[in-house]
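What follows is the residue order along each chain.
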Amino acid sequence: MDIKLFNGLHDRLETFKPIQPGKVTMYVCGPTVYDYVHIGNLRPLVVFDVLKKLFIALGYQVHHVSNYTDIDDRIIEKAQKEKVDEVTIAKRYIQAYQEDVAKMNALLPDQTPTVTEHLQAMITFIGKLIKDGFAYKTPSGDVFFRVNKVKNYGQLSHVDIHENKIGARVEVNPDKENPFDFVLWKHTTQGIKFSAPFGEGRPGWHTECVVMIKETFKQTLIDIHGGGFDLKFPHHENEMAQAQAAYQSRLANYWLHNGFINLNAEKMSKSTGNIFLAKDFLSTYSGPLLRYVLLATHYRMPVNISPLIIDNAQQELKKIQIGVAQIASYIQLQGASINNQKATPPESFLATLADDINTSNALTIIHQYLKEANGLLRQSHPPLDMLLNRFFTIQAMLSILGLAIEFPILTTEDHQLYKDYLQAKSNQNFGRSDEIRKILHQRNILF
RNA sequence: GGUUCCUUAGCCAAGUGGUAAGGCAAUUGACUGCAACUCAAUCACCAUCGGUUCGAUUCCGAUAGGAACCUCCA
């Protein structure tokens, strides 16, 4: 089955062709661990998790890498403020992030490189760029990348380096040869710093990612590079420029960017306080709820989060939860096993996901299956084999979307309760049957 | 100023050159001891104006409104 992805490099849908048949190399820019992440940071997590699960379902072997940026000005600032070292800060927020990842039911990347692990490689990398004339040192001790030296700078984001309006809103560093030149090595006097032939300091963000890619994949070209839309410029553009300079590679064949999450129709922003921390959302609501909200909209479109939308999503999710639980209960009450059945998702389901990750239509297919199964359950003699088939098929689909929908595992006590419930009902002992119904309802067995 | 993008029913949201998926909400009906759950039915002139076309919501242009990036940012 062909997989079509919207390649930000050419701004069009393209059929995915892996570098190595049957294998996918995918790098997703991870968080800078200076604080708790907000729900927006979780969108790429969900998008690329679904993509990864799709690839796996289609038989690909996926090598998925996502970094932690653990050297950054904001981390240094925070460390100084709290009078601890940078490692302490990074560790704290990496752990918090991983807790969020778990609650979102996302697969962990195969590797999670950090800047500190690959510093030497970054220093070597920058040294080579200087030697080859792609970078220069300024009087202040910073090392900048020389964008004029690479062809096609701007090919990803369509910026024009000869456009002189760049400084209209931003004060241009007079040390730069071109306003688009970006820092590879920041000369620093405070906080964590490292020694390099070109002075003490720390690497720039764009260099960090490009080097981590080379170091973890051991390749200079990967299949997929992903991240939020805002990363397209300057981050990804600059990563690509460095790869062009260092090894004449465009770094990745497919550049995927997810849209933003807005909060109450406004961009999330720390300065205005319009922000929803992931950990707060996940404790107030749930991982499946956030995932559902994100899956309901195409990944390149913006998603707005508001009380109304959360409410709506809760209703929709509840419908799926009830359906799945009812089928699961019926199957078990019939004495059939609910475990370890393998099922493949329907072809149409995989096809719609293979069409640029159309999760919205994927959810529609799940709804169709649920509706049919609900209909089967209403028959006077529901066909068990068909229900088993539908149940495991739905499970297979939910699993690819990463929607963790809980269903009850019935105990012998539950079986007895259900019998008692039916008995009480047929005896017209409604007081008793209502009592049992309440218990079974709490256990997610009856609704 | 430059560069991208969006506008589909009360709400969320797919999608297509041949007269619009799905879900939520609502209304009606069926089922039920009652309720819940579920099922069925009903519910859209696809922002506006031009153009291309036998035919456009879908392509092109303009207008209106909205958003993002260009500065750390998923």
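That block above? That's the structure.
Residues numbered from 1 in each chain as written. Chains lettered and ligands numbered in written order. Predicted model: local features only at pLDDT ≥ 70, side-chain atom pairs only at ≥ 80, totals over all residues. Heavy atoms only, no water.

### Here's the deal with the pairing of strand β2 (residues 12-15)
Next, step 1: Across four bridges, the pairing between strand β1 (residues 4-7) and β2 is antiparallel. Within the sheet, the bridge partner assigned to L5 lies in β2 and is E14.
Next, step 2: What sits between β1 and β2 in their antiparallel hairpin is a turn of four residues, with D11 showing a positive phi close to 50 degrees. (Pairing = 2+ DSSP bridges. Helix = DSSP H or I, 4+ residues; strand = E, 2+ residues; numbered from the N terminus.)

### Observations regarding empty space enclosed by the protein
Next, step 1: Within this structure, the stated rule accounts for one cavity of 30 Å³ or more.
Next, step 2: When its volume is computed, the largest cavity comes out at roughly 80 Å³.
Next, step 3: Together, R43, V46, V47, V50, L294, L295, T297, H298, Y299, I357 and T359 line the largest cavity.
Next, step 4: When contributions to the lining of the largest cavity are tallied by element, the ones reaching two or more residues are α1 (42-57) and α8 (287-295). (1 Å grid on protein atoms, 1.4 Å probe; cavity = no way out; pocket = protein on both sides within 12 Å on 5 of 7 lines; lining within 4 Å. Points joined across faces, edges and corners; volume = space filled by probe spheres on them.)

### Quick word on the sheet that holds strand β9 (residues 222-228)
Next, step 1: Taken in spatial order, the four strands make up an open sheet running β4-β3-β9-β10, and their pairing is parallel. Both edges of this open sheet fall to β4 (61-66) and β10 (252-258), since each of them pairs with a single strand only. Direction aside, neighbouring strands of the sheet carry axes that sit 20 degrees apart on average.
Next, step 2: Sheet strands in contact with helix α6 (residues 232-247) are β9 and β10, and its direction is about 155 degrees off that of β9. (Axes fitted to C-alpha atoms, helices over the stretch in contact; angles between N-to-C directions. Contact = heavy atoms within 4.5 Å.)

### Things to note about the environment of E347
Next, step 1: Examined against the element boundaries, E347 turns out to sit in helix α10 (residues 347-354).
Next, step 2: Expressed as a C-alpha distance, the spacing of E347 and H257, which sit 90 residues apart in the sequence, is 26 Å.

### A word on the pattern of salt bridges
Next, step 1: According to the stated counting rule, one finds 19 salt bridges in the structure shown.
Next, step 2: Linking R291 and D49 is a salt bridge whose minimum nitrogen-to-oxygen distance equals 2.7 Å. Of this pair, R291 sits in helix α8 while D49 sits in helix α1, placing them 242 residues apart in sequence. For the pair shown, R291 and D49 are each scored as buried.
Next, step 3: Between D73 and K186 there is a salt bridge, with the nearest N and O atoms lying 2.7 Å from each other. Note that D73 is positioned in helix α2 (residues 73-82) and K186 in strand β7 (residues 183-187), a separation of 113 residues in sequence. (Salt bridge = Lys/Arg side-chain N within 4 Å of Asp/Glu carboxyl O. Buried < 20%, exposed > 50% of the residue type's maximum accessible area, 1.4 Å probe, protein only.)

### With respect to the sheet that holds strand β8 (residues 201-203)
Next, step 1: Reading across the sheet, the four strands line up as β5-β6-β7-β8 and stay open at both edges, with antiparallel pairing between neighbours. Of all the strands in the sheet, just β5 (135-137) and β8 have a single pairing partner and so form its edges. Here the average twist between neighbouring strands, direction ignored, is 20 degrees.
Next, step 2: The sheet contact formed by β5 and strand β6 (residues 143-145) spans three bridges and is antiparallel. From the neighbouring strand, A135 faces β6, where its bridge partner is F145.
Next, step 3: The strands that helix α4 (residues 119-131) touches are β5, β6, β7 and β8; relative to β7, the one it contacts most, it runs at about 110 degrees.

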